[in-house]
Amino acid sequence: MPLLLLITIIIVTLATAFLFLARHWLPLLAASAGSAFDHQLHLTLAAYGIAFLIVQFVLAFFIWKSRRPGGRKLNPRSYGWAALEVVIVLLTGAVFLTLGVKGGAVSIGQPIPSEKQAIQIEVTGMQFQWYYRYPGADGRFGQTKPELIDASIGNPLGLDSSDPAAHDDIVASQLVVPVNRPVELVLKSQDVVHSFFVPTMRLQMNAVPGLTTYASFTPTQAGTFEVVCSQLCGLGHYRMHGTINVLPAEQFERWITSKEHK
Amino acid sequence: MVPNAADATRTESNTLSPHEISFKRRVLSRDHKVIGLQYFWLSLIAALTGTFLSLLMRIHLISPALRLPGFGPLKPEDYLALVTMHGTLMVFFVLTTAPQSAFGNYFLPLQIGAREMCFPLLNMLSFWGTALSFLVMVSAFLVSGGAPISGWSQYTPLSAVPSAGPGQGLGMDLWIMSILIFCIASLLGALNFIVTTLRSRTRGMSLMRLPLTVWAWFVTAILTLLSFSVLMAAGILLFCDRHYGTSFFVPTGLVVNGNLIAHRGGSPLLWQHLFWFFGHPEVYIAILPGMGVISTVISTFARKPVFGYRAMVYAIIAIGFLGFLVWGHHMFISGMSPYAVSAFSLVTLVIAVPSAIKTFNWLGTLWHSHIRFTTPMLFALGFVSLFVTGGLSGPILAQPRLDTYLHDTYFVVAHFHLIMGMAAVFGIFAATYFWYPKMFGRMMSEPLGRIHFWFSFIGAYATFVPMHLLGLAGHPRRYSELSESAAYIQQLIPLQRFITFAAIFLIVGQLVFLWNLFASLRKGRTADANPWQATTLEWSTSSPPPRHDFEPDLPVVQRGPYAFVGEGEKDFIPQWKHGNN
């Protein structure tokens with residue numbers, strides 16, 4: 001039994017470590033700030049992975065060492081060892097907090113001081129799709145009113161046509177952004193809590209009704225990337241997905257001009 | 001007080017027919033042991049139901065078109081109803097009920113040398129409240145629209161607006177009602193535990209001589225009292241939002257299914273704060289009693305005193321206290337202030353320290369010991385292994401930067417199923433195998449117990465470790481139709497298939513446990529008073545104990561709870577034994 005336990009714990013532990021290392025599980029990275037995330041994740045996984053291996057091996061080893069029945073003399077340290085206890089506290093505290101402070105220095109969901117370069121886009125979640133709104137040539141989002149929302153007449157966001165700023169707003173069901181330019185997302189929801197999750201951009205933020213949240217990223221390569229909803233929002237939660245189309249700068253200009261003149 | 005209780009039973013016997021006595025003893029009993037067993041069977045029924053629901057979910061994920069006999073294929077809303085009810089049943093009726101209410105009720109009075117809980121009538125009411133709550137909860141499956149689909153955390157407005165989905169009407173009302181009843185029952189139970197621990201200890205049982213199980217039940221009861229009262233308030237507010245036109249959780253201008261909702265001015269974040277103020281301590285409510293059991297079991301079968309008893313007590317108290325300051329780590333990407341995010345992150349990382357102390361001290365107890373490899377010991381060792389594996393992903397998720405990616409992915413599912421699910425369940429199994437002889441007077445089968453352990457240990461790792469990988473790959477939780485989700489999720493279906501097979505393996509192993517549990521009631525070897533040569537007071541009385549626990553006199557406590565002296569046949573000195581040998 002002790003030998004079997006020793007072997008099982010070691011096999012399970014190594015298999016776990018192997019699975020984590022078997023392939024690069026993270027999706028392709030397509031946003032500039034994502035590398036900080038990847039670095040921090042790998043560092044943390046490595047640190048805790050080592051802790052995991054050490055503790056499991058110690059457990060297996062102690063079990064195996066204690067296999068022989070029979071009496072053993074106790075010594076005072078069998079009841080506890082305060083000095084070692086303090087060392088453990090300091091050590092674990094230091095590791096957890098160091099990694100934590102490194103991983104904590106991030107401001108989530110708040111408006112970011114606008115960069116000149118940045119393009120601002122409003123994202124609205126509803127059961128079960130995402131809509132995107134560009135402010136148009138005037139750079140301002142027009143007013144929306146919940147009572148005007150009517151997808152059947154082509155006004156899914158409830159744009160108020162009496163507001164001049166609303167006239168040139170572009171509403172799209174696909175997110176189109178230029179490459180290498182900061183994108184600032186303003187997140188809203190019409191009905192329940194959704195979550196805007198783009199694994200390739202290492203970006204996830206809740207869209208909360210009655211509240212505005214923010215997220216930003218800078219795509220570093222052109223292509224099509226998937227967006228999903230990661231907060232349970234109802235029966236169609238699984239199918240609330242779409243794409244981000246990252247275009248080269250000039251193609252993006254063409255796209256936005258074609259939309260503006262429609 | 002105690003003779004009075006005995007008198008009361010005698011008077012009862014004089015005036016009631018034998019049939020009525022039997023009913024009073026078995027059903028409307030105020031005996032903490034009977035109530036403990038009632039809780040035990042209730043949580044077993046809930047565990048079987050919850051496990052069956054998870055089996056349906058796992059099968060649906062890999063073969064969504066499968067027609068269930070008499071039901072047809074599962075629709076997406078059916079899957080989400082399973083998600084909600086699996087989580088609710090497991091968290092409330094298994095992880096809260098079994099370790100605390102079942103074993104706590106049975107063994108807390110026995111371990112402190114009392115004949116009864118302080119308020120036996122309240123104790124009876126808390127059990128029947130919990131049982132009623134369970135019936136109301138499962139009845140949600142039967143009403144029109146079915147059970148709620150908004151998950152056990154019931155985020156508003158999805159849970160507040162009946163038109164937001166099927167199951168959000170009457171099913172959701174039943175969910176709230178059930179939880180309100182559960183809260184009342186839990187509050188009564190918690191009061192009983194706290195007062196009994198403080199008032200009913202036998203002579204010599206000072207606080208620092210309490211078994212760690214009692215410390216864990218005591219601290220858990222305090223957590224229950226403080227957190228369930230908040231959940232109850234939140235549930236009442238939610239009910240008012242749904243029926244009486246208030247807007248605590250529903251903001252202005254909501255448009256659901258094309259209809260403008262009339263509520264104004266509420267906040268979805270308020271619900272999340274209230275819910276997780278309950279929800280996080282709840283995690284510790286589920287795991288602390290298991291920690292107490294594991295400390296006792298490891299010490300008993302390693303034939304060594306608990307390493308660092310005082311540190312263990314302080315760690316339980318620290319975990320209980322810090323457990324109230326970390327609820328915000330469930331809300332890093334909710335739109336909460338980033339200052340709050342940083343604060344919650346730091347406190348969450350601090351809580352890892354007392355958890356590390358516990359792990360370290362279990363290892364310290366094993367160090368230089370000579371283990372008796374009984375089934376309860378196997379599950380205790382499995383608990384330590386799973387606690388470490390599940391625990392180490394906690395401080396990963398506690399880093400806001402990492403959580404912005406891993407939040408609401410399968411990484412979280414893996415984390416809490418390992419630590420709150422599997423580790424806590426291993427605690428329940430260890431407790432069951434350990435105390436079965438005391439509760440039923442018979443031993444469980446050791447060979448079957450070992451088979452059960454191997455199925456469970458390997459099954460737990462095989463099922464939940466791969467979920468981390470799904471999470472790293474960005475697979476969100478609570479998705480029902482994987483083949484209609486985003487392309488990168490469809491690519492992960494082979495891994496999902498493996499997890500389903502592993503889960504079936506894990507569940508099949510539990511049938512061995514069921515067989516062992518029931519067969520041993522009749523066929524198990526008769527247990528004497530102290531079959532494990534353990535040291536705490538429940539082993540001083542017969543198995544099962546008499547109606548008033550200790551006959552004729554209460555034991556008097558001479559020493560701390562884990563006096564294993566490490567030599568020869570008589571290598572232990574029970575708490576009740578006079579002298580040094």
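All values reported here derive from a predicted model rather than from experimental measurement.

Each value, and the rule that gives it
- Residues numbered from 1 in each chain as written.
- Chains lettered and ligands numbered in written order.
- Predicted model: local features only at pLDDT ≥ 70, side-chain atom pairs only at ≥ 80, totals over all residues.
- Heavy atoms only, no water.
- Helix = DSSP H or I, 4+ residues; strand = E, 2+ residues; numbered from the N terminus.
- Rg over C-alpha atoms; globule rule 2.2 N^0.38 Å.
- Buried < 20%, exposed > 50% of the residue type's maximum accessible area, 1.4 Å probe, protein only.
- Contact = heavy atoms within 4.5 Å.
- Areas by Shrake-Rupley, 256 points an atom, 1.4 Å probe, with all protein chains shown as cover.
- Lys, Arg positive; Asp, Glu negative; His and termini not counted.
- Charge placed at Lys NZ, Arg CZ, Asp CG, Glu CD.
- Axes fitted to C-alpha atoms, helices over the stretch in contact; angles between N-to-C directions.
- Parallel < 35°, antiparallel > 145°, perpendicular 65-115°, else oblique.
- Left-handed = near helix turned anticlockwise from the far one by under 90°.
- Nonpolar A, V, L, I, M, F, W, Y, C, P; charged D, E, K, R; others polar.
- Pairing = 2+ DSSP bridges.
- Expected span 1.5 Å × (residues − 1).
- Polar contact = N/O pair within 3.5 Å; in protein donor to acceptor, adjacent residues only side chain to side chain.
- Phe/Tyr/Trp six-rings, centres within 6.5 Å; stacked < 30°, edge-to-face > 60°.
- Lys NZ or Arg CZ within 6 Å of the ring centre and 35° of its normal.
- 1 Å grid on protein atoms, 1.4 Å probe; cavity = no way out; pocket = protein on both sides within 12 Å on 5 of 7 lines; lining within 4 Å.
- Points joined across faces, edges and corners; volume = space filled by probe spheres on them.
- Patch = residues over 30% accessible without salt bridge, like charges linked within 9 Å, V, L, I, M, F, W, Y side chains within 5 Å.
- Salt bridge = Lys/Arg side-chain N within 4 Å of Asp/Glu carboxyl O.
- pLDDT = per-residue confidence, 0-100.

**A look at the overall build of chain A**
Each helix and strand in chain A was counted, giving four helices and ten strands. Along chain A, helices and strands appear, N-terminal first, in the series α-α-α-β-β-β-β-β-β-β-β-β-β-α. Expected size for 262 residues packed as a compact globule is a radius of gyration near 18 Å; at 26 Å, chain A overshoots this value by more than 25%. Overall, chain A is about 90 × 35 × 35 Å in size when its C-alpha atoms are taken along their principal axes. Counting all 262 residues of chain A, 48% fall into the buried class. Excluding contacts between residues fewer than 6 apart, the proportion of contacts in chain A whose partners are at least 24 apart in sequence is 68%. For chain A, the exposed surface amounts to about 12000 Å²; the carbon and sulfur share of it is 62%. Counting 19 positive and 17 negative side-chain charges, chain A places the averaged centre of each group 23 Å from the other.

**As for the environment of Ala315(B)**
All names here are of chain B. Mapped onto the elements, Ala 315 comes out in helix H9 (residues 309-322). Counting along the chain gives 36 residues from Ala 315 to Ile 351, while the straight-line C-alpha distance between them is 9.4 Å. In contact with Ala 315, other than residues within four places in its own chain, are Pro 354, Ile 357 and Lys 358.

**A closer look at the packing of helix H8 (residues 268-302) of chain B against helix H14 (residues 410-440) of chain B**
In helix packing, the relevant descriptors are the interaxial angle and the interaxial distance, both defined with respect to the helix axes. Residue and element names in this part refer to chain B. Where H8 meets H14, the axes come as close as 8 Å, and the angle between the chain directions of the two elements is 45°. Classified by the angle between their axes, H8 and H14 sit oblique to one another. The handedness of the crossing between H8 and H14 comes out as left-handed. The segment H8 lies against H14, with Glu 282, Val 283, Ala 286, Ile 287, Gly 290, Val 293, Ile 294, Thr 296, Val 297, Thr 300 and Phe 301 engaging Ile 419, Met 420, Ala 423, Ala 424, Gly 427, Ala 430, Ala 431, Phe 434 and Trp 435. Of the residues that constitute the contact of H8 with H14, the class distribution is 15 nonpolar, four polar and one charged.

**Thoughts on the pairing of strand E6 (residues 194-198) of chain A**
Residues and elements named next belong to chain A. Most of E6 sits inside the fold, with five of its five residues counted as buried. Of the two faces of E6, both are covered, the one formed by His 194, Phe 196 and Val 198 as well as the one formed by Ser 195 and Phe 197. Counting the residues that bridge the hairpin from E6 to strand E7 (residues 203-207) gives four residues, and of these Arg 202 lies at a positive phi of roughly 50°.

**Details of helix H10 (residues 338-366) of chain B**
Residue and element names in this part refer to chain B. End to end, H10 covers 43 Å across 29 residues, agreeing with the expected 42 Å (1.5 Å per residue, within 8%). For H10, a buried count of 22 out of 29 residues is recorded, marking the element as mostly surrounded by other parts of the structure. Taking the backbone nitrogen of Tyr 339 as reference, a side-chain oxygen 3.1 Å away marks Ser 337 as the first, capping residue of H10. Positive backbone phi, at 60°, marks His 368, one or two positions downstream of H10.

**Points about the environment of Leu406(B)**
On the secondary structure map, Leu406(B) appears in helix H13 (residues 400-406). Note on Leu406(B): relative accessible area 0%, which makes it buried. Distance in space between the C-alpha atoms of Leu406(B) and Ser101(B) is 34 Å, their sequence separation being 305 residues. Discounting chain neighbours no more than four positions away, the residues touching Leu406(B) are Leu41(A), Gln204(A), Ile396(B), Leu397(B), Phe411(B), Val412(B), Gly471(B) and Leu472(B).

**A look at the sheet that holds strand E1 (residues 119-126) of chain A**
Residues and elements named next belong to chain A. What the five strands build is an open sheet, ordered E3-E2-E1-E5-E8; its pairing is mixed. Two strands bound the open sheet, and with one partner strand each, they are strand E3 (170-172) and strand E8 (213-217). Mean inter-strand twist for the sheet, computed between neighbouring axes without regard to direction, equals 25°. Pairing of strand E5 (residues 183-189) with E8 involves five bridges; the strand directions are antiparallel. From the neighbouring strand, Glu 184 faces E8, where its bridge partner is Ser 216. Where helix H4 (residues 249-260) meets the sheet, it contacts E1, strand E2 (129-134) and E3, and its direction lies at approximately 110° from that of E3.

**Details of the packing of aromatic side chains**
Per the counting criterion, the structure on display carries 60 aromatic pairs over all chains. On the numbers, 5.5 Å between centres and 75° between planes, the contact of Phe197(A) with Tyr405(B) is edge-to-face. Placement of the pair is Phe197(A) in strand E6 and Tyr405(B) in helix H13, with the two residues belonging to separate chains. Taken as a pair, Phe197(A) and Tyr405(B) share a single burial class, namely buried. Relative to Phe228(B), the ring of Phe182(B) has its centre 5.8 Å away and its plane inclined at 40°; by these criteria the two rings are tilted. Taken together, the positions of Phe182(B) in helix H6 (residues 170-199) and Phe228(B) in helix H7 (residues 212-243) put the pair 46 residues apart, joining distant regions of the chain. One Lys or Arg, Arg67(A), reaches over the ring of Trp64(A) and ends 4.1 Å from the middle of that ring. Above the ring of Trp81(A), the side-chain terminus of Arg77(A) is found at 3.8 Å from the ring centroid.

**So, empty space enclosed by the protein**
All names here are of chain B. A full pass over the atoms with the stated rule returns four cavities of 30 Å³ or more. One number sums up the size of the largest cavity: a volume of about 150 Å³. Along its surface, the largest cavity is lined by 17 residues, and Gln 100, Ser 101, Ser 186, Gly 189 and Ala 190 are the ones closest to its centre. Here the lining of the largest cavity takes six residues from H6, the largest share from any one element. By residue class, the composition of the lining of the largest cavity is seven nonpolar, ten polar and no charged. Approximately 40 Å³ is the volume attributed to the second largest cavity. Lining the second largest cavity are Tyr 433, Pro 437, Met 443, Met 444, Glu 446 and Trp 532.

**Let's talk about the sheet that holds E6(A)**
All names here are of chain A. Ordered by their spatial adjacency, five strands build an open sheet running E4-E10-E9-E6-E7, and the pairing between neighbours is mixed. In this open sheet, the two strands that pair with only one neighbour each are strand E4 (175-178) and E7. For this sheet the average axis-to-axis angle between neighbouring strands, irrespective of direction, equals 25°. In the packing of H4 onto the sheet, the strands contacted are E4 and strand E10 (241-247), and the crossing angle to E4 comes to about 135°.

**So, a nonpolar patch on the surface**
A contiguous nonpolar surface patch, about 280 Å² in accessible area, is contributed by Leu97(A), Val101(A), Leu346(B) and Val350(B). Of all the secondary-structure elements, those providing two or more residues to the nonpolar patch are helix H3 (82-104) of chain A together with H10 of chain B.

**A closer look at the interface of chain B and chain A**
Tallying the contact residues gives 106 residues for chain B and 95 residues for chain A. For the pair chain B and chain A, the number of links is zero salt bridges. Across the chain B-chain A interface, the total number found is 21 residue pairs in polar contact (both at pLDDT 80 or more). A total of 15 residues in the side of chain B that touches chain A trace back to one element, the largest contributor, which is H10(B). Here the residues of the side of chain B that touches chain A sort into 67 nonpolar, 28 polar and eleven charged.

**Comments concerning the side chain of Thr200(A)**
Of note, Thr200(A) is situated in the loop between E6 and E7. For Thr200(A), the residues in contact, after removing those within four places along its chain, are Pro27(A), Leu28(A), Leu29(A), Ala30(A), Ala31(A) and Phe225(A).

**What about helix H5 (residues 120-139) of chain B?**
In this model H5(B) runs 29 Å from its N-terminal to its C-terminal C-alpha over 20 residues, within 8% of the 28 Å that 1.5 Å per residue would give. Structurally, H5(B) contributes buried residues whose contacts are with helix H3 (32-62), helix H4 (76-112) and H6 of chain B.

**Comments concerning the confidence of the model for chain B**
All names here are of chain B. The pLDDT averaged across chain B works out to 93; a share of 97% of its residues lies at or above 70. Counted against residues more than four places away or in other chains, residues 1-13, with its pLDDT under 50, gives six contacts. Prediction confidence for the complex, expressed as pTM and ipTM, is 0.94 and 0.94 respectively.

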